Amino acid sequence: MKDSVLIITNADDGTIEPVVKHLEEMGEKFYRFNTENFPAEMTINLALSDGNLVGSLKNKNGDLLIDWTKVKSVWYRRPASSRIIKEMAEGYVKFIKDEASAALWSLYTNLDAFWMNPPLISQRLLEHNKLYQLKDALRVGLFVPDTVITNDPDKLFSFCQKHGGVIALKILKGKFFTKEESNVPLFIFTQKLSAEKLRERFEGIKLAPLLAQEYIEKKLELRVTIVGQKIFTCAIYSQDSEQTKIDWRRYDFGNIKHLAYQLPKQIEQKLLQLIKIWNLSFGAIDMILTPDDKYVFLEINPNGQWLWIEQLTRMPISRAIAELLANPSNK
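Let us look at the structure shown here. None of these values were measured; they are calculated from a predicted model.

### Regarding the environment of Val74
- Residue placement: Val74 occurs in strand β6 (residues 71-76).
- The exposure class of Val74 is buried, given its relative accessible area of 0%.
- A C-alpha to C-alpha distance of 4.7 Å links Val74 and Leu6, two positions 68 residues apart in sequence.
- Leaving out residues up to four positions away in the same chain, Val74 has contacts with Leu6, Ile8, Leu111, Ala113, Phe114, Trp115, Met116 and Leu325.

Right under this line is the structure:
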């Protein structure tokens, strides 16, 4: 009988705790797999029996941690790379980490259970592919920003002029940039740039492609968390602070309200349709409500953060996650 929940994560992920608390209150069996501890502190067994995955994960003393045949649902929540305890040459460390990663990928792609979310799908959406997301959002009838990916400064300048001389610039992949002189990683926020500023950066633009979008004025920003068929929408009043007007991730909690918000039913239905197209059961969606009350889809993170929304609005997101993991047939 499949009766266990597997949580694939890392030791530093605090968002797990409230969900675990709900699972405990519900009397659910679960195992939290902090993947950085594999293989140094664990042994894995993976095999096929009549085409089905069998085997287990055990601790270094040989005690059973989880039996793959007992897993009914999996929360794929930000696994970490292996932590190597023993001192050894860099080549050996890389080899071990690569083999451990490959073994876990075999687990992720062969374990027959309900996944929130399937890693293959999450990677397709997460692998720095905003155009893929925007294309499907258009298919279901959502508004999206005009977007271009380029390292051609002339193309970017023309795009900027097309949209009134102001655009939003975003990076395609990494969120952090480390300057050699400081060795401190800096978070890269969305930038609002004029045509004049673009001209000053022409040579730099050629060095690497970036993503540019028409700059959309905001009445509100919306963080929409979908768990199964449940929708939790938070209005972020980012325009109430100069610090957050362009990018609400420059948090200013003292001045920015976060309130529960009811989306129009037709927008909710389009978002649920989008989730269904992507075969997702969880998604954190960013949207804009314009001054003329148009809802604009920006992006989805299939493994996005949500706990601060729950803490500020009291919307029961963690309970919804626990309930879906406990009863995956209700998705």
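Picking up where we left off.
### Quick notes on unusual backbone geometry
- Following Phe38, the chain continues to Pro39 via a peptide bond in cis, the omega torsion being 5°.
- Within the secondary structure, Pro39 sits in the loop between β2 (29-34) and β3 (42-49).
- The omega torsion across Met116 and Asn117 is -5°, close enough to zero to call that bond cis.
- You can see Asn117 is positioned in the loop between β7 (114-116) and α3 (119-126).
- The phi dihedral of Arg78 is positive, around 55°, even though this residue is not glycine.
- Residue classification places Arg78 among the partly exposed residues on the basis of a relative accessible area of 29%.
- Within the chain, Arg314 stands out as a residue other than glycine whose phi angle is a positive 70°.
- If you trace the backbone, Arg314 turns up in the loop between α9 (307-313) and α10 (317-326).

### Focus: the sheet that holds β3
- One open sheet holds the three strands; their spatial order is β3-β4-β5, and the pairing between them is antiparallel. Both edges of this open sheet fall to β3 and β5 (64-67), since each of them pairs with a single strand only. Here the strands of the sheet are splayed against their neighbours by 15° on average, with no regard to which way each runs.
- Pairing geometry for β3 and strand β4 (residues 52-59), over eight bridges, is antiparallel.

### With respect to the sheet that holds strand β9 (residues 166-170)
- One open sheet accounts for four strands, arranged β8-β13-β9-β12; its pairing is antiparallel. Looking at the sheet topology across the chains shown, the edges are occupied by β8 (147-150) and β12 (191-194). Ignoring strand direction, the axes of neighbouring strands in this sheet form an average angle of 35°.
- Sitting on the sheet, helix α5 (residues 153-162) is in contact with β8, β9, β12 and β13 (210-214), with an inclination near 165° to β8.

### Considerations on the pattern of salt bridges
- Under the counting rule described, the total for this entry stands at 20 salt bridges.
- Between Lys29 and Asp3 there is a salt bridge whose closest N-O contact spans 3.1 Å. Highlighted residues: Lys29 in strand β2 and Asp3 in the segment before β1 (4-9), separated in sequence by 26 residues.
- Among the ionic pairs, Glu203 bridges to Lys206, the shortest N-O distance being 3.3 Å.
- Relative accessible area serves as the criterion here: at 43%, Lys206 is assigned to the partly exposed category.
- Through salt bridges that share partners, Glu25, Lys230, Arg319 and Glu323 make up one connected network.

### So, the packing of helix α1 (residues 16-25) against α10
- Contact geometry of α1 with α10 gives a least axis separation of 8 Å together with a crossing angle of 55°. With respect to α10, the axis of α1 lies oblique. Here α1 runs over α10; the crossing is right-handed. Contacts between α1 and α10 involve Pro18, Val19, His22, Leu23 and Glu25 from the former and Ser318, Arg319, Ile321, Ala322 and Leu325 from the latter.

About the criteria used
Residues numbered from 1 in each chain as written. Predicted model: local features only at pLDDT ≥ 70, side-chain atom pairs only at ≥ 80, totals over all residues. Heavy atoms only, no water. Helix = DSSP H or I, 4+ residues; strand = E, 2+ residues; numbered from the N terminus. Buried < 20%, exposed > 50% of the residue type's maximum accessible area, 1.4 Å probe, protein only. Contact = heavy atoms within 4.5 Å. Pairing = 2+ DSSP bridges. Axes fitted to C-alpha atoms, helices over the stretch in contact; angles between N-to-C directions. Salt bridge = Lys/Arg side-chain N within 4 Å of Asp/Glu carboxyl O. Parallel < 35°, antiparallel > 145°, perpendicular 65-115°, else oblique. Left-handed = near helix turned anticlockwise from the far one by under 90°.

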